[in-house]
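Breakdown of the fold
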Protein chains: 2
Amino acid sequence: MSRRAVGTDFVVNAVGRRVPTVVNEKEQAAFAGVGAHEPQGRKQAPSIRSCRDYPADGDKRVSDLKTALKKCGLRDGMTISTHHHLRNGDAVALMALNAAADLGTRDLMWFPSASFPCHAPVIDLMDRGVVHHIEGSMNGPLGEYCSHGKMRGMGVLRSHGGRWQAIQDGEVPIDIAVIAAPTADAFGDADGSHGPSACGSLGFALADSIYADHVIVVTDNLVPFPCIPWQIQGNNVDYVVEVDSIGDPAKIVSGTTQITKSPDRLMIAEYVALFLRDTGIMRDGFSFQAGAGGIALAFVGSLKGLMKQAGVKARFVRGGSTQYLVDLMREGLADFILDGQTFDLAAVESIASDPRHIATSPFTSYNYHGKGNFASMVDAVVLGATEVDVNFNANVNTHSDGVLLHGIGGWQNCLFSRCTILALPSFRDRIPVLVEEVTTVTGPGELIDVVVTERGIAINPRRTDLLDSLKGSDLPIRPIEELKEEVERIMGGPPAEAQITDRPVAVIKWVDGTVLDTVWQVETGSP
Amino acid sequence: MSRRAVGTDFVVNAVGRRVPTVVNEKEQAAFAGVGAHEPQGRKQAPSIRSCRDYPADGDKRVSDLKTALKKCGLRDGMTISTHHHLRNGDAVALMALNAAADLGTRDLMWFPSASFPCHAPVIDLMDRGVVHHIEGSMNGPLGEYCSHGKMRGMGVLRSHGGRWQAIQDGEVPIDIAVIAAPTADAFGDADGSHGPSACGSLGFALADSIYADHVIVVTDNLVPFPCIPWQIQGNNVDYVVEVDSIGDPAKIVSGTTQITKSPDRLMIAEYVALFLRDTGIMRDGFSFQAGAGGIALAFVGSLKGLMKQAGVKARFVRGGSTQYLVDLMREGLADFILDGQTFDLAAVESIASDPRHIATSPFTSYNYHGKGNFASMVDAVVLGATEVDVNFNANVNTHSDGVLLHGIGGWQNCLFSRCTILALPSFRDRIPVLVEEVTTVTGPGELIDVVVTERGIAINPRRTDLLDSLKGSDLPIRPIEELKEEVERIMGGPPAEAQITDRPVAVIKWVDGTVLDTVWQVETGSP
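What you see as residue numbers is a count from 1 along each chain, following the sequence as written. Chain labels run from A onward and ligand labels from 1 onward, assigned in the order the entries are written. Restriction of local features to residues with pLDDT of at least 70 applies here, the model being predicted, together with a cutoff of 80 or more for giving and counting side-chain atom pairs; totals for whole chains, interfaces and linings are based on all residues.

**Brief notes about the nonpolar core**
- Residues A:Ile179, A:Val272, A:Phe299, B:Ile179, B:Val272 and B:Phe299 are the most contacted members of the largest nonpolar core, which totals 346 residues.
- With residues up to four places along the chain from it excluded, the contact list for B:Phe299 reads B:Ala269, B:Val272, B:Ala273, B:Ala290, B:Val382 and B:Ala423. The term nonpolar core refers to a group of buried residues, namely Ala, Val, Leu, Ile, Met, Phe, Trp, Tyr and Cys, whose C-beta atoms join them within 7 Å. The exposure scheme places C-beta atoms from the backbone and then counts, for each residue, the other C-beta atoms within 10 Å of its own, assigning buried at 20 or more, exposed at 12 or fewer, and partly exposed in between. Two residues qualify as being in contact provided that their C-beta atoms, derived from the backbone, are within 7 Å of each other.

**Side note on the sheet that holds strand β13 (residues 214-219) of chain A**
Residue and element names in this part refer to chain A.
- Strand order in this open sheet of 7 strands is β5-β14-β13-β10-β6-β7-β8, and the pairing throughout is parallel. Whereas interior strands pair on both sides, the edge strands pair on one side only; in this sheet they are β5 (61-62) and β8 (131-134).
- Only strands joined by at least two bridges in the DSSP assignment are considered to pair. Helix and strand definitions follow DSSP, with helices as H or I runs of at least four residues and strands as E runs of at least two, each counted in order from the N terminus. As paired strands, β5 and strand β14 (residues 239-242) are joined by 2 bridges and run parallel to one another. Bridge pairing in β14 links valine 62 to valine 241.
- All axes are obtained by fitting lines to C-alpha atoms, using only the stretch in contact for helices, and the reported angles, taken between N-to-C directions, cover 0 to 180 degrees. Against the sheet, helix α2 (residues 92-102) engages β6 (79-82), β7 (108-112), β8, β10 (176-181) and β13, with an angle of about 160° to β6.

**So, the packing of helix α9 (residues 294-310) of chain A against helix α10 (residues 323-330) of chain A**
Residue and element names in this part refer to chain A.
- Packing of α9 against α10 brings their axes to within 9 Å, and their N-to-C directions diverge by 20°. With respect to their mutual orientation, α9 and α10 come out roughly parallel. Regarding α9 and α10, the two cross each other, and that crossing is left-handed. Of α10, the residues touching α9 (which contributes Leu297, Val300, Gly301 and Lys304) are Tyr324, Leu325 and Leu328. Geometric relationships in this document are graded by angle, where less than 35 degrees denotes roughly parallel, more than 145 denotes roughly antiparallel, 65 to 115 denotes roughly perpendicular, and other angles denote oblique. Crossing handedness is read from the near helix: turned anticlockwise from the far helix by less than a right angle, it gives a left-handed crossing, and turned clockwise, a right-handed one.

**Considerations on the interface of chain B and chain A**
- Listed by partner, the interface residues are 51 residues for chain B and 51 residues for chain A.
- Of all the secondary structure elements, the ones that give two or more residues to the side of chain B that touches chain A are β16 (314-321), β17 (334-342) and α12 (362-365) of chain B.
- Across the side of chain B that touches chain A, the residue classes break down as 22 nonpolar, 18 polar and 11 charged. Nonpolar residues are Ala, Val, Leu, Ile, Met, Phe, Trp, Tyr, Cys and Pro. Charged residues are Asp, Glu, Lys and Arg, and all others, Gly as well, are polar.

**Describing the pairing of strand β27 (residues 456-459) of chain B**
- Strand direction decides the pairing type here: strand β26 (residues 450-453) of chain B and β27(B), joined by 4 bridges, are antiparallel. In the sheet register, B:Val451 faces β27(B), and the bridge partner there is B:Ala458.

**A short note on the domain arrangement of chain A**
All names here are of chain A.
- Each assigned domain of chain A is listed with its residue range as follows: domain 1 (57-135 + 172-252) and domain 2 (263-499).
- Here the C-alpha centre of domain 2 lies 32 Å away from the C-alpha centre of domain 1.
- Listed by partner, the interface residues are 12 residues for domain 1 and 14 residues for domain 2. In this document the domain limits rely on a domain assignment from an automatic tool or a database.

**Some words on helix α2 (residues 92-102) of chain B**
- Of all the positions in α2(B), only B:Val92, B:Ala93, B:Met95, B:Ala96, B:Leu97, B:Ala99 and B:Ala100 are classed as buried.
- Backbone geometry just after α2(B) places B:Gly104 at a positive phi near 80°.

**Quick look at the relation of the copies chain B and chain A**
- The copies are overlaid by a least-squares fit using only the C-alpha atoms of residues whose pLDDT is at least 70 in both copies. For the pair chain B and chain A, the best superposition has an RMSD of 0.0 Å and corresponds to a rotation of 180° with a translation of 0.0 Å parallel to the axis. What the superposition gives is, in effect, a two-fold axis relating one chain to the other. For chain B, the residue whose C-alpha comes nearest the rotation axis is B:Ala45, separated from it by 2.6 Å.
- Mapped onto chain A, 100% of the interface residues of chain B are again interface residues, and the two copies thus contact each other with one and the same surface.

**So, the sheet that holds strand β20 (residues 387-389) of chain A**
- Pairing is mixed across the open sheet formed by 3 strands, whose spatial order is β21-β20-β25 (chain A). Each edge of the sheet is formed by a strand with only one pairing partner; in this case those strands are β21 (394-395) and β25 (434-435) of chain A.

**Observations concerning unusual backbone geometry**
Residues and elements named next belong to chain A.
- Note the cis peptide between phenylalanine 225 and proline 226, where omega equals -5°.
- Looking at where proline 226 falls in the secondary structure, it is placed in the loop between β13 and β14.
- Between isoleucine 228 and proline 229 the backbone carries a cis peptide bond, its omega angle lying at -10°.
- With respect to the helices and strands, proline 229 occurs in the loop between β13 and β14.

**Topic: the environment of A:Ser81**
Residue and element names in this part refer to chain A.
- Assignment of secondary structure puts serine 81 in strand β6.
- The spacing of serine 81 and isoleucine 174 is 93 residues in sequence and 6.7 Å in space, taken between C-alpha atoms.
- Dropping the residues within four chain positions of it, serine 81 is found in contact with Phe111, Pro112, Ile174, Ala177, Val178, Asp208 and Ala212.

**Details of helix α10 (residues 323-330) of chain B**
All names here are of chain B.
- Where burial is concerned, most of α10 is hidden: 6 out of the 8 residues are buried.
- Buried within α10 we find Gln323, Tyr324, Leu325, Val326, Leu328 and Met329.
- Tucked into the core, α10 has its buried residues touching α9 (294-310), β16, β17, α11 (345-353) and β18 (357-359).
- Trailing α10 by a residue or two, glycine 332 shows a phi angle of about 85°, which is positive.

Following this line, the structure appears as structure tokens:
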């Protein structure tokens with residue numbers, strides 16, 4: 001299968017960004033505004049299979065990944081998906097792509113739910129022509145490779161919900177999904193919470209298991225049928241492959257997650273907690289989401305103290321789950337954890353054993369093309385960003401130098417929370433984080449309600465209700481322009497302009513599949 | 001929408017039965033043999049929705065069922081589905097159909113997962129033209145109505161797995177699914193194991209929730225989001241309706257399930273248990289399925305004794321779950337219950353609280369158009385039948401008088417077990433159950449391995465392995481012809497011929513969607 005060069009026609013979208021009309025040979029709709037795009041048509045329809053073509057005894061094991069890929073009809077130009085539950089400890093994605101390389105396959109599209117530094121060897125596979133391009137988050141070395149224009153196709157970055165949407169809507173038909181499973185049975189039922197490589201929820205692989213043409217489960221912990229609980233249903237699985245190890249347990253989950261020690265960042269966390277208290281968002285039965293970053297963890301600690309003081313209990317908490325959320329639930333301060341991803345050992349143990357700790361999926365939590373999702377029911381979410389501008393637009397993908405270094409994760413999806421709070425230092429490495437205009441728009445400002453920095457709290461002027469609720473509060477509420485100017489004064493001016501070319505190397509998709517922004521090739525000599 | 005009269009062209013299928021080529025205006029494939037039909041095409045693709053069209057706060061409640069049906073765009077000729085988890089205590093199916101009647105709707109197709117005597121008032125709705133016809137099991141009065149040719153369309157009977165297959169394959173597009181939920185939240189997440197009308201698993205509604213155009217959840221136990229656990233995902237639900245009561249708890253689950261007291265039937269149960277022991281099927285790690293009928297319950301009791309004697313433990317047991325299966329698991333004689341339907345209070349309590357008691361769905365258990373299913377992995381299944389013939393063909397739908405009185409349930413799907421055992425008395429009400437040729441073929445003889453009666457055990461000659469394994473056993477193994485002749489001698493001959501016309505009133509579908517047999521209108525004056 002041959003592929004044309006990337007498209008070169010552009011339009012200016014609803015956030016004023018120039019975006020290509022064709023990406024990887026597919027026509028694109030430009031971002032039209034939040035809630036403006038009306039989806040058409042019907043969901044992806046997998047082909048109908050029959051039990052007559054599968055072993056009656058349920059044993060779908062084959063000897064190795066190469067055999068499984070051949071039986072799945074692996075061909076040049078196919079799309080292979082993998083998942084990031086094993087994070088930087090994952091061995092399975094490379095196993096699968098290397099097996100495809102050994103079979104002489106070329107021009108694959110690799111469709112990971114996210115990539116990590118451990119996946120840097122895919123650069124070699126791209127250089128050799130085995131992998132054509134990547135659609136998925138590209139962290140670190142892969143992002144740099146893409147930014148320097150070395151990838152043949154364009155990168156397509158989607159949120160976790162956007163990835164479900166793209167699969168569900170048939171935008172990305174997956175030929176073969178390879179699912180790393182910490183526990184599985186020979187029928188293909190699989191679970192992530194048990195076994196030597198336990199990682200917690202397998203939610204990111206769920207869409208692939210439902211919609212991919214062929215599904216391979218790879219495990220290092222085969223148990224007799226039935227694998228209980230199962231999060232991946234064997235009825236969607238074609239083949240099961242046993243391997244010695246699916247990854248490095250030490251890198252799959254953290255032993256413990258760490259609260260920030262920086263005084264500035266602790267202050268930011270404290271401001272966020274006080275903000276929730278003083279606005280009245282922290283009330284009995286409320287809900288919040290916080291991730292596993294240092295500030296977010298510190299925020300959970302601060303909020304917990306305030307909740308105890310006030311005698312307030314949350315109905316549910318969401319996250320990247322960690323020891324901190326688990327403790328909150330165990331101490332009776334939250335009824336449920338709705339888990340999007342399981343980050344440390346305490347959280348893995350909890351999801352494996354506590355019926356109040358529930359695995360969710362990008363479908364339940366984030367998919368914008370469903371009949372609602374959980375994200376918009378969360379009272380407050382605490383997120384980070386690499387840049388925020390005076391219109392509250394935010395960037396999580398590039399830095400001010402324009403280099404693609406981070407994925408979107410669930411970040412875009414979480415913006416639909418009732419109160420979206422970005423908690424971030426006003427500068428990093430002497431470069432301002434508050435800017436006139438973000439390098440890349442990952443989230444439109446209309447969805448970002450509050451920016452909390454160590455220098456003060458900026459509230460989006462659209463949220464007059466929040467401003468009103470804080471009358472009489474001691475919190476340092478300040479206009480975002482003022483904060484930005486203060487940081488620029490201290491740092492000696494705004495960040496240097498990114499040295500970029502006019503050649504697009506990746507696009508940032510919005511949650512509805514439209515194109516929100518473009519990532520441009522950086523000039524030779526740039527980082 | 002007008003409907004033509006039923007088709008009148010027939011073909012003779014692979015079990016020698018004359019079946020119509022068109023049913024309810026849809027072309028049909030005739031049964032071609034077990035595993036002979038190769039499905040084509042892709043699964044049903046629901047239309048893509050967007051969160052923008054659903055309330056951000058997740059509150060999908062509307063005031064009543066009429067409002068919900070109107071908002072779903074109810075029109076003449078639509079297909080409305082409901083589910084039988086509430087069994088003979090269900091109030092929701094009639095609520096929904098009566099609401100449609102009040103709105104002046106006509107010619108609906110009612111698509112229940114099963115119907116019960118409590119649904120007899122649908123006869124009036126058919127007489128009045130509100131309901132055009134029923135596709136689904138018709139027990140008792142509805143079956144008689146159909147048998148007497150009073151229904152405008154043809155009945156289509158499908159197994160539980162066949163119903164999933166028909167929905168999934170797009171054979172039956174559901175316009176509006178109405179799901180009775182013993183517990184739900186305002187977002188539509190729903191569960192069956194808790195609340196005043198608890199019924200256990202909601203697995204039969206799962207396909208409808210995924211594939212129907214519109215989904216309404218009706219509950220009498222609304223809880224704050226999130227409803228944990230959820231078996232129906234709110235992300236598939238359009239509206240939630242609160243009512244005072246979804247049904248009569250006393251008829252939803254049995255207080256207790258009852259073992260047969262008949263000495264003949266107890267003997268049959270004992271024979272089945274001994275058969276499993278003597279063939280070696282009862283071994284460590286084995287599995288079996290037994291329902292909630294009197295003989296099946298007695299069989300579980302007998303087998304339990306033999307398992308204890310032999311020091312043998314099952315890996316999993318399946319059923320219609322009851323106190324007897326729950327006790328087996330609690331006493332350490334089975335690792336897991338894979339629950340298809342939850343029959344009594346003890347089983348409801350167990351599925352609500354014990355992580356080893358797992359709700360399955362017709363997708364995991366029974367759907368023949370998947371990548372395998374659980375049914376073929378079960379070592380032995382114990383089923384009933386209304387008739388069995390000398391070729392081991394069996395009937396569960398009609399009696400020898402030809403009147404349609406029973407649904408298929410999971411019966412056809414279970415035939416794929418490694419050893420399918422029909423346990424039944426050789427006669428009922430002085431009418432032989434063992435016959436020359438069954439009135440209706442619900443299951444082809446090639447899948448039925450053993451027939452156990454109080455007069456002896458007949459083994460299908462295809463199963464030489466079973467015959468070999470019983471050399472030296474004391475069990476009364478006898479040819480099926482001999483058993484049949486003995487019963488006829490005692491009863492004074494075979495059953496009277498059914499008095500039927502040449503007009504088809506219903507078809508029996510096979511698990512792959514092909515037509516296995518026809519039910520014919522009975523002569524006026526027949527029962």
